[in-house]
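Tertiary structure, described
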Amino acid sequence: MTGGPVTARHRAGPAGLLLVAAAAWVWVATRWGDSDMQAMPGTMGLGLPTFLAVWTLMMVAMMLPATAPVAALYARTIRVHRGPRMVVFTAAYLLVWAAAGLPAYALATGLGRTAGLPAPMGTAVAAAVFGFSGVYQLTPLKERCLARCRSPIALMLRYASYPGPSRDVRAGAHHGAFCLGCCWSLMVLLAAYGLMNLWAMVVLAAVITGEKLAPAGRLVARAVGVASIALAVAVFWVPALAPDLTGGGTAGM
């Protein structure tokens, strides 16, 4: 008689993450979707505190859907106070991505300045961004991080050994670190197209979810890497592939 309620509670955590992610997508779409902010390169004119708040909300929208299965698995290891402890786990996970907003701000600031350079120099920067991101997609480190996200059983065994009340914080932060190692190169691509470019967010969120959850997720990651390297070459002939950096504007993206 207890199987039904326990299963429902296990599902409640991931469902809650998906609801939070959906709310974040609605906010991003309604707040920035039709705004001139999408056409602004770099930090979009935001100061660091506001940028970090917006960045974290973007990560909520983009990352939580792909993280829901891991959260569901972790929830199964919790016997008491499941709801509050899952909040702590998720908050620690998001804290890692919030901290990643600091280098993202620095990168966005640098790329924003690139928009004022002559077009050939901007094109060279765009090629470097595409190439750097694409090469990382093909590295063993990317493969290792992706493998942990796709098959997290070993992580669950590790988390079960964490003692004391800090377990949920440590588990969430640890998984967040692997997730960051898996996906940071895709966020570099996002910076190349404008951090508040809604269409770029949608495409990259789909790639992240595909990498982690699709049966052929590893092939998705490698295909994105190859495509990024191809873009690094093609952008010299078609600068509009990186309009924010080459002076082509963002209307087409």
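Summary of the structure given here. Only a predicted model underlies this, so the values are computations on that prediction, with no experimental measurement involved. (Residues numbered from 1 in each chain as written. Predicted model: local features only at pLDDT ≥ 70, side-chain atom pairs only at ≥ 80, totals over all residues. Heavy atoms only, no water.)

Here the focus is helix α2 (residues 48–75). End to end, α2 covers just 34 Å across 28 residues, shorter than the expected 40 Å (1.5 Å per residue, more than 12% under). Its maximal kink placed at Leu64, α2 deviates by approximately 50°, while the proline Pro65 follows within four residues. (Helix = DSSP H or I, 4+ residues; strand = E, 2+ residues; numbered from the N terminus. Expected span 1.5 Å × (residues − 1). Bend = angle between axes of the 7 residues up to and from the residue.)

With that settled, the discussion passes to a nonpolar patch on the surface. Together, Val135, Leu138, Val226 and Ile229 give the surface a local cluster of nonpolar side chains, amounting to about 290 Å² of exposed area. Among the structural elements, Val135 can be located in helix α5 (residues 119–137). (Patch = residues over 30% accessible without salt bridge, like charges linked within 9 Å, V, L, I, M, F, W, Y side chains within 5 Å. Areas by Shrake-Rupley, 256 points an atom, 1.4 Å probe, with all protein chains shown as cover. Salt bridge = Lys/Arg side-chain N within 4 Å of Asp/Glu carboxyl O.)

Its place among the elements puts Asp168 in helix α8 (residues 167–193). Look at Asp168 and you get buried, because its relative accessible area is 5%. Excluding anything up to four places from it in sequence, Asp168 contacts Tyr74, Ile78, Arg85, Val88, Phe89 and Ala92. (Buried < 20%, exposed > 50% of the residue type's maximum accessible area, 1.4 Å probe, protein only. Contact = heavy atoms within 4.5 Å.)

Before going further, it helps to examine unusual backbone geometry. A positive phi angle is found at His81, which is not glycine, with a value near 55°. Mapping His81 onto the fold places it in the loop between α2 and α3 (82–99).

The next point concerns the nonpolar core. Counting 70 residues, the largest nonpolar core has Trp55, Met62, Met63, Trp97, Met187, Leu190 and Leu195 as its most contacted members. The leading source of residues in this core is α2, at 15 residues. Among all residues touching Leu190, those that are not within four sequence positions of it are Met58, Met62, Leu195, Asn197, Ala200, Met201 and Leu204. (Core = buried A, V, L, I, M, F, W, Y, C linked by side-chain atoms within 4.5 Å.)

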